[in-house]
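Reading the structure
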Amino acid sequence: MSTSYHPQTDGQTERLNQTLKQYLRCYVEDSKRSWLDLLWIAEVAYNSSPHSSTGSSPFEALYGYLPKTIPLTLPKEETSAPAVQDTVQLVQTVHQKIHKRLLQSKDKYKTQYDKHHRSGPVYTSGDKELDNVKQERRDLECKVKTLQEEIDFLMKLHNEEIWELQSHMIKKPANNITELDVPNFDLAAALGEVRLQYEKMAIKNLSEENDWYKAKFAELSTAAIQNNDALRKAKRESNESRRQLQTLKSEVDALKVTNKSLVLQMHEREDNFVMETACNQDMISHLRVEIQNMNETVARQQCENQELLNVKRALDIEIAFYRTLLEGEESR
């Protein structure tokens, strides 16, 4: 028992109250004038729905069998009871309204979910090629940097060796210099030739690396330009798709507004039709009563006329009798 002074109830009762509120909201919200006539549909739907705790419906738990459901389609043969067709049409209308409400609730839940969740990144056809080109460019830049460091290291090592040889030749005493087999041997010229050969090799390697780097860079630039063109094309297509999507969204919104207005008009017309039908039913019942009264009056008048005819016939007979008597006296 739940009151304002003792609002505590058990979990099953609270869940039952939530379910009944949801049922009544679905049946009452769109039919604020005729919701009382739809309560029996909500009662049938609740009593025939299985519970998650018991696994059976309240009707089955109480009587031991499932209730007979209302058919959702009209019978093929015409029935003599118009109330059956009215009931089936009423149930169909209620089910359509509830189905529409469920779809609206689904769209509302989806909109609320999309507000708190972002969509993943959108990949186009040229993104993978562009990433591969960027990775190859980074690898080539690392290789060029490594080769440049090796060239600098070799140049430094060459300079240190030349400096050591020169310092060794300068510091060596003159009396320790031995004569070479080759007369007039010029060590400085030989070192200069070796240095020139190292410099030529370094320049040649550097020029080859630069040529290879330029060729590879030109190739990657061409691929990057192509990928950029493909990316621009994909962006244009994406922008065009977005514009089309926005146009379709605006059209859908306009159609939704039109549909909403039409639904409101339909509800108003349904309410007016219900009111007119009720008035017509009252008028028909009043006319039936008047027709019955008129039939009774006509029958009563017919009875009175028959009595008057009988009286007239009796009078005619008496008049004829007296006339014959008078004629007999006159003849005497």
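Everything numeric here is computed off the predicted structure, so don't read it as measured data. (Residues numbered from 1 in each chain as written. Predicted model: local features only at pLDDT ≥ 70, side-chain atom pairs only at ≥ 80, totals over all residues. Heavy atoms only, no water.)

**Observations concerning the overall build of the protein**
What counts here: Only runs of H or I of at least four residues qualify as helices and only runs of E of at least two qualify as strands under DSSP, and these elements are numbered from the N terminus. Throughout, a contact is declared for two residues whenever any of their heavy atoms are within 4.5 Å. Values of accessible area rely on a 1.4 Å probe in the Shrake-Rupley scheme; residue burial ignores everything except the protein chains shown.
Counting its secondary structure elements, the protein contains 6 helices and 0 strands. Taking contacts inside the protein between residues at least 6 apart in sequence as the whole, the part at least 24 apart equals 54%. Total accessible area on the protein is roughly 28800 Å²; 57% of this is exposed by carbon and sulfur atoms.

**Re a nonpolar patch on the surface**
Cut-off, in case you're wondering: Patch rule: a residue counts if its relative accessible area is over 30% and it has no salt bridge; like charges are joined within 9 Å, and nonpolar side chains (Val, Leu, Ile, Met, Phe, Trp, Tyr) within 5 Å. What makes a salt bridge here is a side-chain nitrogen of Lys or Arg within 4 Å of a carboxyl oxygen of Asp or Glu, nothing more.
Residues W40, V44 and L90 make up a contiguous nonpolar surface patch of roughly 220 Å² in combined accessible area. As for its position among the elements, V44 is in helix α2 (residues 39-47).

**Quick look at empty space enclosed by the protein**
Stated precisely, the cut-off is as follows: Residues are said to line a cavity or pocket when one of their atoms sits within 4 Å of a point; the points come from a 1 Å grid over protein atoms alone, cavities being sets where a 1.4 Å probe fits but cannot get out and pockets being open sets with protein on both sides within 12 Å along at least five of seven lines. Grid points are joined across faces, edges and corners, and a volume is the space filled by probe spheres set on the points. Asp, Glu, Lys and Arg are counted as charged, while Ala, Val, Leu, Ile, Met, Phe, Trp, Tyr, Cys and Pro are counted as nonpolar; the rest, among them Gly, fall into the polar class.
Following the criterion strictly, the structure yields 3 cavities of 30 Å³ or more and no others. Lining the largest cavity we find V144, L147, Q148, I151, L206, E209, N210 and Y213. Elements that contribute at least two residues to the lining of the largest cavity include exactly α5 (127-171) and α6 (187-331). A per-class count over the lining of the largest cavity returns 5 nonpolar, 2 polar and 1 charged.

**With respect to the environment of A230**
Topologically, A230 is positioned in helix α6. Spatially, the C-alpha atom of A230 lies 9.3 Å from that of D127, the residues being 103 residues apart in sequence.

**What to know about the nonpolar core**
Note the following rule: Residues belong to one nonpolar core when they are buried, are Ala, Val, Leu, Ile, Met, Phe, Trp, Tyr or Cys, and are joined through side-chain atoms within 4.5 Å. Exposure is judged per residue with a 1.4 Å probe applied to protein chains only, and the accessible area is read against the type maximum: over 50% gives exposed, under 20% gives buried, and values in between give partly exposed.
Within the largest apolar cluster, 5 residues are counted, these being L38, I41, V91, V94 and I98. No other element matches helix α4 (residues 82-115), which puts 3 residues into this core.

**Some thoughts on the pattern of salt bridges**
One pass over the full model with this rule turns up 4 salt bridges. Measuring nitrogen to oxygen at the nearest pair gives 3.8 Å for the salt bridge that ties K216 to E219. Of this pair, K216 and E219 both sit in helix α6, 3 residues apart, which is roughly one turn of the helix. Judged by relative accessible area, E219 falls into the partly exposed class, the value being 49%.

**Some points on the side chain of S57**
We count it as follows: Two N or O atoms count as a polar contact when they lie within 3.5 Å, although within protein this holds only if one can serve as hydrogen donor and the other as acceptor, and sequence-adjacent residues are included solely when both atoms are side-chain atoms.
With respect to the helices and strands, the residue S57 is situated in the loop between α2 and α3 (58-63). Given the relative accessible area of 2%, S57 is considered buried. A polar atom in the side chain of S57 sits 3.5 Å from the backbone oxygen of N47. Dropping the residues within four chain positions of it, S57 is found in contact with N47, S48, S49, P50 and L66.

**What to know about α2**
Basically, it comes down to this: Working note: the arc is built from the helix axis to C-beta atom directions.
Among all positions of α2, only I41, A42 and Y46 are buried. One face of α2 carries all of its buried residues, which in axial projection span an arc of 130 degrees.

**Notes on the confidence of the model for the protein**
Note the cut-off: On a range of 0 to 100, pLDDT expresses the predictor's confidence in each residue.
Counting all residues, the mean pLDDT for the protein is 77, and 80% of those residues have values of 70 or more. For the protein, per-element mean pLDDT is lowest for helix α1 (residues 11-28), which scores 72, and highest for α6, which scores 85. The low-confidence segment residues 173-183, where pLDDT is below 50, has 1 contact with residues more than four positions distant or belonging to other chains.

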